[in-house]
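The residues making up each chain are set out below.
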Amino acid sequence: MFIKVCGVRTPGDVAAVVEAGADAIGFVLTESARRLDPAEARELAAAVPPEILTVAVTAGVPAAEAGRLALAAGVRALQLHGDYPREAFAELADLPLRLVRATALTPGTDLAVGAYGEEFLLLDAPVAGSGTRWDLSLLDGNRPTGPWMLAGGLTPDNVAAAIAAADPWGVDVSSGVESSRGVKDHRLIHAFVASARAAKRQA
C-alpha cells in the first residue's frame, strides 16, 4: 500500500511522516490553507530521505507555472490537481519530474493510468482538501487500471474500510490527519499509516 501524506508545512510534520513510514509527502504550492512558497518547500524537501517521494501539489495555475514551482521547490514529482487537459501533461513531459494526475471521478473521467502521460492517478473528492468523503460505489465495475491513489475524507478511522471497498494501489491523506485546518496532528499521521498498512495486510 503506497501512502502519501499531503499538505505538510513544518519540519515537525516532515519528521512525523518519515517516522510513520509513509511513501510520499506532498507540499502544496498554490492557493490553500496549506500553501508554502517554493523556498519553504525546498527546505523541507531537503530533509526527506530519498526513498520517500517528494511531491509538489498545484491547482488552478497553468502547467508551465506548475512546473516552474515544482522545480523551484526541488521536489521529484508534480501533482496537477483539477481539470487539467492532456496538453498540460504533454507540456511537462520533458521536465525531470514524475507526474501525478489528480481529479474527481465524474462522468467521462478516463481511469486508465497514463492516459494523460502521468505516472500516477489520484481520485479525490470534488472539493480537494475539504475532508469530504465521496461515494466509492461509483467505482463499482469502473475501477482505474494501474497505480492509483484514493483520496477524499480519509482518516485513521475509515481508511481500512475505504481500502476494502475500493482496493486502491495507494491512499492519500491531508485534512484527515489534522487537528485544525492546515495543522497536522503527528499522532494522527502515525495512526493513519498504521491503519492503512494493517488493512492492506488483511486484504
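Before any of the text, the structure's been laid out above.
Residues numbered from 1 in each chain as written. Predicted model: local features only at pLDDT ≥ 70, side-chain atom pairs only at ≥ 80, totals over all residues. Heavy atoms only, no water.

1. Remarks on the pattern of salt bridges
Stage number 1. Enumeration over the complete set of coordinates arrives at nine salt bridges.
Stage number 2. Note that Glu119 is salt-bridged to Arg98, the shortest N-O span being 2.5 Å. Remark: Arg98 occurs in strand β5 (residues 98-104) and Glu119 occurs in the loop between β5 and β6 (120-124); sequence separation between them is 21 residues.
Stage number 3. With relative accessibility at 33%, the residue Glu119 sits in the partly exposed group.
Stage number 4. Each of Arg34, Glu178 and Lys184 takes part in a single network of salt bridges with overlapping partners. (Salt bridge = Lys/Arg side-chain N within 4 Å of Asp/Glu carboxyl O. Helix = DSSP H or I, 4+ residues; strand = E, 2+ residues; numbered from the N terminus. Buried < 20%, exposed > 50% of the residue type's maximum accessible area, 1.4 Å probe, protein only.)

2. As for the pairing of strand β1 (residues 2-5)
Stage number 1. Side-chain alternation along β1 places Phe2 and Lys4 on one buried face and Ile3 and Val5 on a second face that is also buried.
Stage number 2. Examined bridge by bridge, β1 and strand β8 (residues 170-173) share four bridges and lie parallel to one another. Across the sheet, the residue bridging to Lys4 is Asp172, located in β8.
Stage number 3. Running through helix α1 (residues 11-20), the crossover from β1 to the neighbouring parallel element strand β2 (residues 24-28) is right-handed. (Pairing = 2+ DSSP bridges. Right-handed = clockwise from strand over helix to strand, strands pointing away.)

3. Details of the packing of aromatic side chains
Any two aromatic rings considered together are summarised by their centre-to-centre distance and by the angle between their planes.
Stage number 1. Within the structure shown, the criterion is met by four aromatic pairs.
Stage number 2. When the centroid spacing of 6.0 Å and the interplanar angle of 20° are considered together, the rings of Phe2 and Phe120 count as stacked. Taken together, the positions of Phe2 in strand β1 and Phe120 in strand β6 put the pair 118 residues apart, joining distant regions of the chain. With respect to burial, Phe2 and Phe120 carry one shared label: buried.
Stage number 3. Each ring, one from Phe120 and one from Trp169, has its centre 5.5 Å from the other, and the planes form 25°; the classification is stacked. Pair noted here: Phe120 is in strand β6 and Trp169 is in the loop between α5 (159-166) and β8, with a separation of 49 residues, a long-range link.
Stage number 4. A relative accessible area of 5% means that Phe120 is categorised as buried.
Stage number 5. Members of the aromatic cluster, joined through ring pairs, are Phe2, Phe120 and Trp169. (Phe/Tyr/Trp six-rings, centres within 6.5 Å; stacked < 30°, edge-to-face > 60°.)

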